Each structure stands twice: as C-alpha cells, then as structure tokens.
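Fold and geometry: a report
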Amino acid sequence: MAPCLAETLRRAGVSHCRMAVPSNAMLYLTGAGPVAVQGEPLCTGMVNVAPFDREALVAALRRDQAGETTFPEFVQGCWEAGVVWYDVDLNARTCSYYGADGAGYTEAYPAVDI
C-alpha cells in the first residue's frame, strides 16, 4: 500500500486492511465497523495456487513502489508470486504477505506527512 494512501486511511480511522488476493476483496477495519470492497476476482472456479515466491513478490513490490504498475497489476503480481492474502497494519505501518502454506514476508513502510 502506498504510504500516502495508508496515512490517509489511518487518519480516517482505519486500523487494518486485509486483501484476499484471488478474490480481489479488501476488508477495511475501522472504529465504526468493517467495510468490504469487492473488486474483479482474479480467478473463478477451482485453480492451482502458485507456491509462495518471496523474490517474485519483492520484485512486484518494487515495481509498484516505483510507480511502474497499476493497483490491479500489483495484485496480479502478488497472485503470481503465490500470495493468497495480505494484511496492512496501519498503526504499526507494516504490510505482511502470506502464501497458502503460511510462508510470508513483512515489510515496513515509512510514515509520511500529508
């Protein structure tokens, strides 16, 4: 998640964002209650899940951080790297990515002034 967007959400009272990658569904946890946003699913029916590939995930993250991808392209890159869900802790300023087998990768992002 882009640090400016994360800070805007945090200031609006969002504490966590959870993304179910294959279904492209985001859950925002707020003090006023949870809010779900359903995007276009990346797959339908039964599909194989790629093994978690940390290097491919980090490459997708760096492309996104450099502004080289759109959000849908970033989510697709996560899926291709075997990420099935990710969790953004807006107070701790971390984003954790997980594969189906529980393997994961956590990255901190900087605080920003907006």
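Preceding this section is the structure that the text describes.
Analysis parameters
Residues numbered from 1 in each chain as written. Predicted model: local features only at pLDDT ≥ 70, side-chain atom pairs only at ≥ 80, totals over all residues. Heavy atoms only, no water. Pairing = 2+ DSSP bridges. Helix = DSSP H or I, 4+ residues; strand = E, 2+ residues; numbered from the N terminus. Axes fitted to C-alpha atoms, helices over the stretch in contact; angles between N-to-C directions. Buried < 20%, exposed > 50% of the residue type's maximum accessible area, 1.4 Å probe, protein only. Contact = heavy atoms within 4.5 Å.

**A closer look at the sheet that holds strand S1 (residues 14-20)**
- Strand order in the open sheet formed by six strands is S3-S2-S1-S4-S5-S6, with antiparallel pairing between adjacent strands. Edge strands, defined here as strands with exactly one partner in the open sheet, are strand S3 (35-38) and strand S6 (104-108). Sheet twist, expressed as the average angle between the axes of neighbouring strands with direction ignored, equals 15°.
- Of the pairings in the sheet, the one linking strand S2 (residues 25-30) to S3 comprises four bridges and is antiparallel in character. Following the sheet pairing, Met26 is matched in S3 by Val37.

**Brief notes about the environment of Arg18**
- Residue placement: Arg18 occurs in strand S1.
- The class for Arg18 is partly exposed, based on a relative accessible area of 36%.
- Distance in space between the C-alpha atoms of Arg18 and Pro72 is 16 Å, their sequence separation being 54 residues.
- Apart from residues lying up to four places away in sequence, Arg18 is in contact with Ala25, Met26, Leu27, Leu29, Tyr86 and Asp87.

**Description of the side chain of Asn24**
- Position of Asn24 relative to the elements: it lies in the loop between S1 and S2.
- Overall, the relative accessible area of 15% leaves Asn24 in the buried class.
- Residue contacts for Asn24: discarding those within four places in its chain leaves Met19, Val37, Gln38, Gly39, Glu40, Pro41 and Val75.

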